[in-house]
Amino acid sequence: MKDISEIRSDFPILGRQVYGKPLIYFDNGATTQKPKCVIDTYSRIFTEFNGNVHRGVHAMSDLTSEAYENAREKVRSFINATKKEEIIFTSGTTDSINCVAFSFGERFVKPGDEIIISELEHHSNIVPWQMMCQRKGAVLKIIPIDDNGEICFDEFLKLLTPRTRLVAISQASNSLGTVVPVKKITDAAHSENIPVLVDGAQGIQHGIVDVQELQCDFYAFSGHKIYGPTGIGVLYGKEEWMNELPPYRGGGDMVEKVTFEKTTYQNLPYKFEAGTVNYAGAIAMAEALDYVLGLGREDIAEREKTLLDYATRQLISVKGLKIYGNAENKIPVVSFLLDGIHQYDTGIILDKMGIAVRTGTHCAQPVMDHFGIDGTVRVSMSFYNTFSEIDTLVEGLGKVIAMFKK
Ligand code: PLP
C-alpha cells in the first residue's frame, strides 16, 4: 500500500483547517472524502465530453454513453456480478432498497406474507419495507440483536416460515460497526428458497465484496460512501429476479414502445433507469472504484483493522467512556458515550478542536432503543485516518470531561 502521507495528499480536503486546527475527519460512515482523481474526472466530464446518454447520434452523447457503460462494467467487475445487465445505477442505497421494496412487493407479496429485517438496520432498510408491508398487508419480522450488537442467528432461523418472501439485511451496521454474517444468512434463506437483499452501504468500502460468493439476490450501495460523488449508487440484482420485477419508475429511456394504450419496457438494466440518469456520478464513481483497487482492498481492510484495534484500545482507556457495539467482527466504527455528558455536547466541543464525529441516533433508532439510549458519539474511520489523529481525539475527550467536571 502507498505511504500514508502520499495517500492523504490524494485527498485535497484533508489538508484543510477547521477553526484554525487541522481537520480530523472521523465521519466516514456518513460520507467519505474524495480523492483528486474523482474530483478531476467529475470536472472533466463537463469540460470535455458532456452529452446525455443513449440519446444522441452526436459525438458528445456517444462519448458520454461509452464512459457510462464502461462505468457499469467497472461496477460489475468490482462486485464480481456475472453480467453487466445486473448493475442498475440508482441515486444511492436508499433508492436501491426502495426500488426492490416497491417492485418485489408489487410482483411477489400478498396479504399475510412476511419480510424479515433485523434490529440493526439503518432506517433506509426499515422504512421502505414498512411502507411495502402496509401497502400489501404483509408483516415485518425483526431479527433481534444481543448486547454486543450481534445478530441472534438462532432467532433468525426461527423467523423463517413458509410465508417469508424476502430477507433484507445490512452487511455491516453503521451505528455499532457489527459485521453481519450475510453469507450464513443467505445460505439459510436460500435453503427455503427465500431471496436476500444485502444493504452494502457500510460493507462495500471496507473489504472485498463478491456477490457471487455472497450469493445474495440483491445488493445495494452508495457511491459517496466509497470515495465517489453523492447522488449515485448501485442496485445489483440477479438477472432471474430483475427480469421478473416490474419497473419502479416510468419515463424516458426505460421504454421500448409507447402508445396511449400500452407501453412496453426495455430490457435490463434500462428498464430500471428511467429519465436522465446521473451519468456524471456513475463515471466519477467508477474512478473512485479504480482508486480503491489501486490501493488494494485487502490492504485497505488490514489498515482499517489496525486503526480500529488502536482506537478501541485507546478509547476504552478513557475514564467513564462506554462503547456500544462489541461484536467480534467490526468495520472501523466505534460508538460510545461519556458518562454524564450528552453526545451532542461531546460532538460540538470536539468540532471546535477540528475533530468531526457523528452524534445522534445514526438513522438507527431501534438500535438506540435496544440499549435504552437516545444516541451515541460515533467515530467512523477510513484508511486515510492516522494513529496520531486517534491520539488527538483521546486528548480532546479528556478536555471534554475536564470541562464538564468544573
Ligand atoms: N444503509 C446503511 C447501513 C447506511 O449506513 C446508510 C447511510 O448511512 C444507508 C443505508 C443509506 O445510504 P444513502 O443515504 O447513501 O442512501
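Since the structure is predicted, the reported quantities are computational estimates derived from the model, not experimental observations.

(A) Region of interest: unusual backbone geometry. Omega for the peptide link from leucine 268 to proline 269 comes to 0 degrees, which places this bond in the cis form. Within the element layout of this structure, proline 269 appears in the loop between strand S12 (263–265) and helix H10 (279–295). Despite not being glycine, tyrosine 19 shows a phi value in the positive range, around 50 degrees. Relative to the helices and strands, tyrosine 19 resides in the loop between strand S1 (17–18) and strand S2 (21–22). Within the chain, cysteine 363 stands out as a residue other than glycine whose phi angle is a positive 55 degrees.

(B) Representation of the site of the ligand in the model. The environment of the ligand is made up of Gly29, Thr93, Thr94, His122, Ser124, Asn174, Asp199, Ala201, Gln202, Ser222, His224 and Lys225. Lysine 225 is positioned with one of its side-chain polar atoms (N or O) 2.6 Å from an oxygen atom of the ligand. For the ligand, the protein covers 86% of the area, taking 400 Å² as the surface of the free molecule.

(C) Region of interest: the side chain of asparagine 174. Residue placement: asparagine 174 occurs in the loop between strand S7 (164–170) and helix H7 (182–190). Relative accessible area serves as the criterion here: at 6%, asparagine 174 is assigned to the buried category. Polar contacts involving the side chain of asparagine 174 include one to the main-chain carbonyl oxygen of histidine 362, which spans 2.7 Å.

(D) Inspection of the packing of aromatic side chains at higher detail. Enumeration over the complete set of coordinates arrives at 19 aromatic pairs. For the ring pair phenylalanine 218 and tryptophan 241, a centre distance of 6.3 Å and an interplane angle of 45 degrees mean the geometry is tilted. In this pair, phenylalanine 218 is assigned in strand S9 (residues 218–222) and tryptophan 241 in helix H9 (residues 239–242), connecting sequence segments 23 residues apart. Note on accessibility: phenylalanine 218 and tryptophan 241 belong to one class, buried. In this structure an aromatic cluster arises from ring pairing among Phe11, Tyr227, Tyr291, Phe383 and Tyr384. For the cation-ring pair, lysine 184 lies above phenylalanine 153, with the distance from its terminal atom to the ring centre recorded as 4.3 Å. Its end group placed over the ring of phenylalanine 78, arginine 297 keeps NZ or CZ at 4.1 Å from the ring centre.

Conventions and cut-offs
Residues numbered from 1 in each chain as written. Predicted model: local features only at pLDDT ≥ 70, side-chain atom pairs only at ≥ 80, totals over all residues. Heavy atoms only, no water. Helix = DSSP H or I, 4+ residues; strand = E, 2+ residues; numbered from the N terminus. Near = heavy atom within 4 Å. Polar contact = N/O pair within 3.5 Å; in protein donor to acceptor, adjacent residues only side chain to side chain. Areas by Shrake-Rupley, 256 points an atom, 1.4 Å probe, with all protein chains shown as cover. Buried < 20%, exposed > 50% of the residue type's maximum accessible area, 1.4 Å probe, protein only. Phe/Tyr/Trp six-rings, centres within 6.5 Å; stacked < 30°, edge-to-face > 60°. Lys NZ or Arg CZ within 6 Å of the ring centre and 35° of its normal.

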